[in-house]
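# Notes for the structure review
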Amino acid sequence: MTPGSGLQAGLKNRHLSMIAIGGVIGAGLFVGSSTGIATAGPGILLSYALVGTLVVLVMRMLGEMSAANPTSGSFSAHADRALGRWAGFSIGWLYWFFWVVVLAVEATAGAKILEGWIPSVPQWGWALIVMIVLTATNLVSVGSYGEFEFWFAGIKVVAIGAFIVVGLLAVFGVLPGVDAEKASFGNLSSHGGFLPHGPGAILTGVLLVVFSFMGSEIATLAAGESEDPQRAVTKSTNSIIWRIGVFYLGSILVVVSLLPWNDPSIKKDGSYVAALNSLGIAHAGQIMNFIVLTSVLSCLNSGMYTASRMAFSLGERGDAPKAFARVNSRGVPMAAILASVVFGFVAVFFNYLSPDKIFLFLVNSSGAVALFVWLVICFSQLRMRKIIQREAPEKLVVRMWLYPYLTWATAALIVGVLVYMLFDTEHDGRETVLLSLMVAAIVLVIAVVKERMRAGRPAPAAEAPADKVSVG
């Protein structure tokens, strides 16, 4: 835990383990994979593998910095230290903006499912109920957030694990009582080949799946409120490879093996529902709706936590109202949570008032933030490695592989994805990048102006300059 931060070590090791596992399983995996499969065919596996590799490398860099200095600000605090106050301010607020918009998206998605089950309550009513319940959970204590997330993530993990096992048994023809006629690894190469739309579809697939990986970094933020932050960060960093390999590549491999990639049911019903239906599993749609709802609630729960802790960290560093850095007797930053939730409520309101204008703008203008965050992590790690080696080399318990070459290669790949998005008009890639860059530019201008104003004022005697902050 950050010394003197006021946050309490209320997260247990089992909470952190499940938060780390659940963080890579977003609702986007369940509801967004069908579009990727339709676009790239079985080759979508390469898209997932490419983005998965990117995430593994970025998380390794973040793990190196966070193991040396676990903090609720995570990459924002590291950017502050390594690149300057402007960088920590900018990426911290952009990340906060991303998650409060996600709150509205996920609340609406969850409300649609709940309304289908209980139509007597209107969709906006369900969105309101879900937001209020999870806000209350986060306000009670960090332990209650961890407990809810432990069970939400647990359901997701068990569901995907069961799906993979059942699917593979069907593919190998040993699932009792099921006659899966279409199930075969031959589906990977038949129906137009492994890349039916050509190699270029792999990059298009990357654009469609990259944002479903956002959330991998949550464990490094939560580590600041755990019993053993360094151990928690090290463990989550080292396990990221198998988590992505099993939950993303494993489950998508099962989907495209159970059914031909161009089967109409994949696009009509969703990839996972179509796969379950092909096995004759009763009520497959409702089963998947329950799992998606769990993922939505998990994402909402973590979104509130993540946004509030980033706001707390910004408040601690003087880059947000000081009230955000205050905690109550239970170590909960109430002002930071409520401010984040209020913006989320406003976004939900806009989703019903103006879904095609204001809300669409909010979603698109935060869409590329994940890539911006990963890019900042790359540049922060390039400088932080030297700082840690100089000041506290014993804290380098996690090391980025092939430093600095692999860090530069990762940064180049992220830039390449952003450039490719600029030429993508079919899936709104260009609009997303341009609007996100516009918002980033506004935040950056505010950061620079704030920095110049701060430089023009004499610092209080008790306030240490930002560049003297210890890595530990």
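Our subject is the structure listed above.
Reading guide: rules and limits
Residues numbered from 1 in each chain as written. Predicted model: local features only at pLDDT ≥ 70, side-chain atom pairs only at ≥ 80, totals over all residues. Heavy atoms only, no water. Phe/Tyr/Trp six-rings, centres within 6.5 Å; stacked < 30°, edge-to-face > 60°. Helix = DSSP H or I, 4+ residues; strand = E, 2+ residues; numbered from the N terminus. Buried < 20%, exposed > 50% of the residue type's maximum accessible area, 1.4 Å probe, protein only. Axes fitted to C-alpha atoms, helices over the stretch in contact; angles between N-to-C directions. Parallel < 35°, antiparallel > 145°, perpendicular 65-115°, else oblique. Contact = heavy atoms within 4.5 Å. Nonpolar A, V, L, I, M, F, W, Y, C, P; charged D, E, K, R; others polar. Salt bridge = Lys/Arg side-chain N within 4 Å of Asp/Glu carboxyl O.

Aromatic rings considered in pairs are described by the distance between their centres and by the relative angle of their planes. Following the criterion strictly, the structure yields 18 aromatic pairs and no others. Note on F163 and Y272: the rings are 5.0 Å apart at their centroids and 50° apart in plane angle, and the pair reads as tilted. You can see F163 sitting in helix α7 (residues 142–171) and its partner Y272 sitting in helix α13 (residues 271–278), a full 109 residues away along the chain. Residue class for F163 comes out buried when judged on its relative accessible area of 9%. Its relative accessible area of 2% is what places Y272 among the buried residues. For the pair F213 and Y248, a centre-to-centre distance of 4.1 Å together with 15° between the ring planes defines the contact as stacked.

With their axes 6 Å apart at the nearest point, helix α16 (residues 358–366) and helix α19 (residues 429–455) run at an angle of 85° to one another. With respect to α19, the element α16 is oriented roughly perpendicular. Between α16 and α19, the residues in contact are F361, N364, S365 and S366 and E431, T432, L435, S436, M438 and V439, respectively. Its residues assigned to classes, the contact of α16 with α19 shows 4 nonpolar, 5 polar and 1 charged.

Tallied over the full model, the rule gives 10 salt bridges. One salt bridge in this structure joins R14 and E147, with 2.8 Å as the shortest N-O distance. Linking R14 in helix α1 (residues 13–23) with E147 in helix α7, this pair joins segments that are 133 residues apart in sequence. As a salt-bridge pair, R85 and D80 come within 3.5 Å of each other at their nearest N and O atoms. On the basis of relative accessible area, R85 is assigned to the buried category, the value being 12%. Judged by relative accessible area, which is 8%, D80 ranks as buried.

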